[in-house]
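# Reading the structure
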Amino acid sequence: SELPAEREEGLIGTPPVDLVDKGDTLVLRSEMPGVKKQDIKIAVGEDDISISGKVERKKEEKDEDYYCCERAYSAWQRTIPLPVKVKAEEAKATYENGILEITLPKAEEAKEKRKEVKVQ
């Protein structure tokens, strides 16, 4: 059966991600409400990125002499393939107000693949 914390707060499943091409960098953003910064793990490869995390939610109830505390725990991991090679050693991550943002500088060969085409 479902724990009250799951019904009322909605546990985070696998967080959705946005991956945006900013020219020389890729920026990955993910909403992770309720997740603590220390519970997020990131591993960047040349052409993929793995993100894992966990969240624990508590619901406490008190009724006269009866006290109940229920917990709901959720953990996830996902690997996102990247459309171009990146410089893994230069990746930067920030986490603020439940939003994870990872900046991934493109490898030089990935930048060179994009050529401007003039309209004739």
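Our subject is the structure listed above.
This text gives an overview of the structure that appears in the document. Residue positions are given per chain, counting from 1 as you read along its sequence in written order. In keeping with the model being predicted, local features are shown solely for residues with a pLDDT of at least 70 and side-chain atom pairs are shown and tallied solely at 80 or more, while totals for entire chains, interfaces and linings include all residues. Side-chain measures were taken over the full set of non-hydrogen atoms in the model, leaving aside hydrogen atoms and water.

### Topic: the overall build of the protein chain
A helix here means a DSSP run of H or I that spans at least four residues, while a strand means a run of E at least two residues long, and both kinds are numbered starting from the N terminus. Looking only at helices and strands, the protein chain features two helices and seven strands. For the protein chain, the succession of helices and strands along the chain, N to C, is α-β-β-β-β-β-β-β-α. Burial classes: relative accessible area under 20% of the type maximum marks a residue as buried, over 50% as exposed, and values in between as partly exposed (1.4 Å probe, protein chains only). When the 120 residues of the protein chain are sorted by exposure, 30% land in the buried category. Residues are treated as being in contact if the distance between any of their heavy atoms lies within 4.5 Å. In the protein chain, of all internal contacts separated by at least 6 residues, the share reaching a separation of at least 24 is 55%. To measure how exposed things are, a 1.4 Å probe is used in the Shrake-Rupley method; for residues, cover is taken only from the protein chains shown. Total accessible area computed for the protein chain in this model is approximately 8,400 Å², and 44% of it derives from carbon and sulfur atoms.

### Notes on the sheet that holds strand β1 (residues 17-21)
Should DSSP find at least two bridges between two strands, the strands are taken to pair. The strand order β1-β2-β7-β6 describes an open sheet built from four strands, whose pairing is antiparallel. Two strands lie at the open edges of the sheet, namely β1 and β6 (92-96), each paired on one side alone. On average, adjacent strands in this sheet sit at an angle of 15° to one another, irrespective of strand direction. With five bridges joining them, β6 and strand β7 (residues 99-105) adopt antiparallel strand pairing. From the neighbouring strand, Lys92 faces β7, where its bridge partner is Thr103. Only C-alpha atoms enter the line fits that serve as axes; for helices the fit covers just the stretch in contact. Angles between N-to-C directions range over 0 to 180 degrees.

### Notes on the side chain of Lys87
Tracing the sequence through the fold places Lys87 in the loop between β5 (66-81) and β6. Pairs of N or O atoms within 3.5 Å make up the polar contacts considered here, provided that, within protein, one atom can donate a hydrogen while the other can accept it, and that residues adjacent in sequence are counted only when both atoms are side-chain atoms. A distance of 3.1 Å separates polar atoms of two side chains, one belonging to Lys87 and the other to Glu108.

### Here's the deal with the environment of Leu104
Inspection of the secondary structure puts Leu104 in strand β7. Sequence separation between Leu104 and Leu82 is 22 residues; the distance between their C-alpha atoms is 9.8 Å. If we ignore the near neighbours within four places in the chain, the residues touching Leu104 are Asp24, Thr25, Leu26, Val44, Ile49, Leu82, Val86 and Ala91.

### Some remarks on the pattern of salt bridges
Salt bridges are defined by distance alone: a side-chain nitrogen of Lys or Arg within 4 Å of a carboxyl oxygen of Asp or Glu. Counted according to the given criterion, the structure contains four salt bridges. Of the charged contacts in the structure, one is a salt bridge between Lys106 and Asp21, with a shortest N-O distance of 2.9 Å. You can see Lys106 sitting in the loop between β7 and α2 (108-113) and its partner Asp21 sitting in strand β1, a full 85 residues away along the chain. Residue Asp21 is classed as partly exposed on the basis of its relative accessible area, which comes to 36%.

### Some details on the nonpolar core
Ranked by internal contacts, the top residues of the largest apolar core, which has 18 residues, are Met32, Ile49 and Ile51. The set of elements that each furnish at least two residues to this core consists of β2 (25-31), β4 (48-63), β5 and β7. By nonpolar core we mean a set of buried residues, namely Ala, Val, Leu, Ile, Met, Phe, Trp, Tyr and Cys, connected to one another through side-chain atoms within 4.5 Å.

### Thoughts on the pairing of β1
On a regular strand, each side chain points to the face opposite its neighbour's, so the side chains alternate between the two faces of the sheet. When β1 meets β2, the two strands line up antiparallel, connected through five bridges. Within β2, the position partnered with Val20 by the bridge is Val27. Where β1 folds back onto β2 in an antiparallel hairpin, the turn is made up of three residues, including Gly23, whose phi is positive at roughly 95°.

### Some details on unusual backbone geometry
Phi at Asn97 takes a positive value of approximately 50°, unusual for a residue other than glycine. By secondary structure assignment, the location of Asn97 is in the loop between β6 and β7. Asn97 gets classed as exposed once you look at its relative accessible area, which sits at 75%.

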